[in-house]
Amino acid sequence: MSEHHEQSFLSKYVFSTDHKYIARQYFLTGVVFAFIGGLFAIAFRSQLAWPGTNIPIIGVLDGMKYNMLVTNHGLIMIFWVAMPILLAALGNFVIPLMIGADDMAFPLLNMLSYWIFLVSGVLLVASWLMPGGGAATAWTMYPPLSATQNVDPDAGLIVNLLTGGSILILAVAVEFASMLLGGINFVVTTINMRAKGMKLMDVPVVVWMLILATVDFMFSVGPLIAGAVMLLFDRIFNTGFYDPARGGDPILFQHLFWFFGHPEVYVILLPAIGVASEIIPVFSRKPLFAARWQIIMAVSSAFIAFIVWAHHQFVAGIDPRMAEFFSVATIIISIPFTFIMFANIATLFNSQIELKTPMLWALGFVFMFLIGGVTGIYCGSAGFDMYIHDSYFVVAHFHYTLIPATFFGGFAAFYFWFPKSTGKMLGEGLGKLHFWFTVIGINMFSFPLFFSGLYGEHRRIFNYAAYQPMMADWIINIRHISTIGAMILGAAQLIFVLNLIISAMSGEKAGKNPWKSNTLEWAAESPPPHGNFATPPACYRGPYEYSNPKKSGSDFWPQSEQ
Amino acid sequence: MNFLPEAYSTVAPGISELFNLIFGLTTFWFIVAYGAAFYGIFTSLKTKGGKAKYITGESFSESKLVWIVVILVIACDFWIDIKTAHQWSSVEIEADMPKGDMDIKIVGRQFQWEFVYPGKDGKLFTEDDVGVADGNDGELVLPIGKVTKLHITSADVLHAFFVRQFGFKQDAIPGRVLTRWVQPTKEGRIELTCAEICGPNHGTMRNWVKIVSQDEFDKYVKSLNSNKVAMLTPLGE
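A. The arrangement of the overall build of chain B in detail. Along the backbone of chain B there are three helices and 11 strands. Written out in order from the N terminus, the α and β elements of chain B read α-α-β-β-β-β-β-β-β-β-β-β-α-β. Over its C-alpha trace chain B gives a radius of gyration of 25 Å, far above what one expects of a compact globule, namely 18 Å for 237 residues. Structurally, chain B occupies a C-alpha span of about 90 × 40 × 30 Å along its principal axes. The 237 residues of chain B split such that 41% are buried.

B. Molecular detail of the overall build of chain A. For chain A, the count of helices and strands is 17 helices and two strands. Against the globule reference of 24 Å for 562 residues, chain A gives a C-alpha radius of gyration of 24 Å, in line with a compact fold. Principal axes of the C-alpha set define a box for chain A whose edges measure 70 × 50 × 50 Å. Counting the 562 residues in chain A, one finds 61% classified as buried. Put simply, 83% of the contacts in chain A that link residues at least 6 apart link residues at least 24 apart.

C. Focus on the domain arrangement of chain B. All names here are of chain B. Under the domain assignment, chain B is made up of domain 1 (12-95) and domain 2 (102-231). Using C-alpha coordinates to define each centre, domain 1 is positioned 42 Å away from domain 2. Each partner contributes residues to the interface: domain 1 has five residues there, and domain 2 has six residues. Considering every element that reaches the side of domain 1 that touches domain 2, the biggest residue donor is helix 1 (residues 12-43), with three residues.

D. The interface of chain A and chain B, seen in detail. In this complex, chain A contributes 78 residues to the contact, which on the side of chain B involves 74 residues. Counting only elements with at least two residues in the side of chain A that touches chain B, the list comes to helix 3 (63-98), helix 9 (250-284), helix 11 (320-332), helix 12 (334-348), helix 13 (357-380), helix 14 (382-388) and helix 16 (428-455) of chain A. At 10 residues, the largest contribution of residues to the side of chain A that touches chain B is made by helix 12 of chain A. When grouped by side-chain class, the residues that make up the side of chain A that touches chain B number 49 nonpolar, 19 polar and 10 charged.

E. Main features of the packing of helix 12 of chain A against helix 2 (residues 60-92) of chain B. Orientation of helix 12 of chain A relative to helix 2 of chain B, taken along the N-to-C sense of each, is 150°, at an axis distance of 10 Å. Judged by the inter-axis angle, helix 12 of chain A sits roughly antiparallel to helix 2 of chain B. For the element pair helix 12 of chain A and helix 2 of chain B, the recorded crossing hand is right-handed. Residue-level inspection shows Ser334, Ile335, Thr338, Phe339, Phe342, Ala343 and Ala346 of chain A of helix 12 of chain A in contact with helix 2 of chain B, the latter providing Val66, Val69, Val70, Val73, Ile74 and Asp77 of chain B. A class-by-class count of the residues in the contact of helix 12 of chain A with helix 2 of chain B yields 10 nonpolar, two polar and one charged.

F. Highlighting the nonpolar core. Counting 253 residues, the largest nonpolar core has Ala362 and Ala412 of chain A as its most contacted members. At 24 residues, helix 3 of chain A tops the list of elements feeding residues into this core. Summarising the domain contributions, this core has at least three residues from each of domain 1 (12-95) and domain 2 (102-231) of chain B. Once residues lying within four places of it in the same chain are set aside, the contact partners of alanine 412 of chain A are Val275, Ala276, Ile279, Pro358, Trp361, Ala362 and Phe365 of chain A.

G. View of unusual backbone geometry. Residues and elements named next belong to chain A. Residue proline 144 is bonded to the preceding proline 143 through a cis peptide linkage, with omega at 5°. Along the polypeptide, proline 144 turns up in the loop between helix 4 (107-128) and helix 5 (145-148). For asparagine 350, which is not glycine, the phi dihedral falls at a positive 55°. The topology assignment puts asparagine 350 in the loop between helix 12 and helix 13.

H. Looking closely at the environment of valine 141 of chain B. Residues and elements named next belong to chain B. Looking at the element boundaries, valine 141 is found in strand 4 (residues 139-143). C-alpha of valine 141 to C-alpha of threonine 153: the two residues are 12 residues apart in sequence and 18 Å apart in space. With sequence-adjacent residues up to four places away left out, valine 141 is seen in contact with Lys210, Val212, Phe217 and Tyr220.

I. Inspection of helix 13 of chain A at higher detail. For helix 13 of chain A, spanning 24 residues, the distance from its first C-alpha to its last is 34 Å, which sits close to the expected 34 Å at 1.5 Å a residue. The buried fraction of helix 13 of chain A amounts to 23 of the 24 residues, a majority that puts the element mostly inside the structure.

J. Structural context of the sheet that holds strand 7 (residues 168-172) of chain B. All names here are of chain B. Read across the open sheet, the five strands follow the order 4-10-9-6-7; overall the sheet is mixed. Looking along the sheet, the strands with just one partner apiece sit at the ends: strand 4 and strand 7. Going from strand to strand, the sheet's axes swing by 25° on average, the running direction of each strand aside. Inspection of the sheet shows strand 6 (residues 159-163) paired to strand 9 (residues 188-194) by two bridges, in the antiparallel sense. Its bridge partner being in strand 9, phenylalanine 162 is matched across the sheet by threonine 193.

K. Spotlight on the pairing of strand 8 (residues 178-182) of chain B. All names here are of chain B. Judged by how many residues are buried, strand 8 sits mostly within the fold: four of five residues are covered. Pairing geometry for strand 5 (residues 148-154) and strand 8, over five bridges, is antiparallel. Counted as the bridge partner of histidine 151 is threonine 179 from strand 8.

L. A look at the confidence of the model for chain A. For chain A, per-residue confidence averages 93 on the pLDDT scale, and residues scoring 70 or more make up 99% of the total. Mean pLDDT across the elements of chain A ranges from a minimum in helix 1 (residues 9-14) of chain A, with 76, to a maximum in helix 16 of chain A, with 96.

M. Layout of the packing of helix 1 of chain B against helix 2 of chain B. All names here are of chain B. Relative orientation of the contacting elements helix 1 and helix 2 amounts to 170°, with a least axis distance of 10 Å. Put simply, helix 1 runs roughly antiparallel to helix 2. As for how helix 1 packs across helix 2, the hand of that crossing is left-handed. Facing helix 1, whose interface residues are Gly14, Leu18, Leu21, Ile22, Leu25 and Trp29, helix 2 presents Val73, Cys76, Trp79, Ile80, Lys83, Thr84, Gln87 and Ser90. Per-class residue counts for the contact of helix 1 with helix 2 are nine nonpolar, four polar and one charged.

Reading the values: the criteria
Residues numbered from 1 in each chain as written. Chains lettered and ligands numbered in written order. Predicted model: local features only at pLDDT ≥ 70, side-chain atom pairs only at ≥ 80, totals over all residues. Helix = DSSP H or I, 4+ residues; strand = E, 2+ residues; numbered from the N terminus. Rg over C-alpha atoms; globule rule 2.2 N^0.38 Å. Buried ≥ 20, exposed ≤ 12 C-beta atoms within 10 Å, placed from the backbone. Contact = placed C-beta atoms within 7 Å. Domains from an automatic or database assignment. Nonpolar A, V, L, I, M, F, W, Y, C, P; charged D, E, K, R; others polar. Axes fitted to C-alpha atoms, helices over the stretch in contact; angles between N-to-C directions. Parallel < 35°, antiparallel > 145°, perpendicular 65-115°, else oblique. Left-handed = near helix turned anticlockwise from the far one by under 90°. Core = buried A, V, L, I, M, F, W, Y, C linked by C-beta atoms within 7 Å. Expected span 1.5 Å × (residues − 1). Pairing = 2+ DSSP bridges. pLDDT = per-residue confidence, 0-100.

Now the structure itself:
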């Protein structure tokens, strides 16, 4: 089980089969893409705020370049940032450690999943360099636009394959293959390799959430891959799956896309909720409120996630009677999350809260996500959605769900598990600065967009000169505030990089359990060696036994303590 | 406090009402959640020698407040669902639509809107229909107070018919004709935009809706008839 042998540099850092190093690889790749995606956003927001700005490298944005940046910003942030960081990096790091395993069930498969992921990232970047530029069809890739853009039906297969849109489809498909391999590992590891004595309800909530997210992903991704292959065929083999003139149907793609696309939201959200539920008890020294019910609610939301997809298509011409069902289901999905959010808030009462950086990020997630949650009701109401669909209201809404999940959830996890991963502490002061500037950034960027969206500002427009009502002074001011907010959000992340560098050079030693936490990973050394635990740990109780009066001497009771 | 645009149709005020309902209910719960969270945090900050209460929340007596919240939220959800269904069905579901006084076909094409009016026979989808395709200056002329059925379709890629003041949007889909309706309540000239990304010039796909009196409308259609189709480009299916 615990083979502590020396590894060469190459096999330790590059071709690593160690889940902890694969997690780092995913994380670093995700961070690189986050900076690219963020810069794309700042570029096109600059065009919106100050039309005609000359942007370094890209130049002045015209409609095509603007669409290309918008498209790739969305794709990068979802598939090459949120997925690798929240699912792959977090899952790889915490799952084996928290269940007391020495590694993933299939370490080689794990390595393969990362390298396939890297190939998908390379393909994505390659798609921007193809003749005609990257795909500019919005991240949803709706045909017929996405089936015909830069495609010449008379040219050969190779010419049409070497276009932004086709390579992008390949990149997305390869990325999903990678996440599927990773997902198999997550599920098999959690089911088979739990420490002796660890019952399912003793598994920490964050692991539960990661598994639910993985299962949601695995069940939903098939239809999308089928849809993407048909789209690729339309592009390179001149088939007509989505061409109405040849008996195809463009709406078919939307169903296949959103049957995956909506569960995907929960694939990102559930791990973040798990992180918050995991961290809040540690820093309030109190058991997680209604932990079992939180898991039950999360399971139910993971089911409901499969019957809400058409709320993305309310105005897309689906049968209006069907839309009523999806509207009700969408609004109902607020129930499990209401429970989880209020249960997390209930944990805070009568506790002993220490506002360390991981706790700030976890609470920040709760506060910011609540804004995204309540505004989801507006979007889920079909009757109201037919007005705000494709407007900046929706943009603001999903940035208030995805930024809290990806960045607040992600950073909460990062600040919390960094000492375990590296054996060093991160600076508290810089961490707090990073947190507060990020809070200012997200709110300054997203909140004003609710108002312009309500006024009817529709999105993906590179220049509003043709719409005089959208050139009113207050809307232009909103564009300025929002763009500056996005820049602050981006700049705040530099504080994070600085914090990392300082910690690497002169970070305080962390010790085994700096947060006095219960879960099994804190029984291992920091950083855990290859093989994780010196002796395989056993599990004697649930993960949230804080301030238990039966335990004398300390306010926590580790799972591994007899 | 109303950020919604001025209403130009009979269904737009419904959007406003729905907004007020959702705004009221969600803002209430938002304040409850924020209030509880801040109260919880500021009354529980770490004190020297203080001890947290050991509450797992697993028993109903401990968690009943959360359950009460959940049940009340379910009630609010259904309230919103019912109002939503009312607004939705009045615009979208054919059985609930008012009887139309006239029909106009609307065609989206990269990157303009085109309009087809009934010809002399007063019926749409017949041989003598007259079309208007006038680049981005083309106007959709509608008579005030009349229920006009809009038959929305596209000639190439997806577009979306969107007039803010009408309070709804509808995607235009090649190969399908979707019927929505509007009863304008105010005269004026307002923007008709495309709200679904349709290519590089999506940002300039703006036409006009002109709402006029019935007399003016009749004159307009007659002028179209006598000029025999002001089409600049062939109309899509």
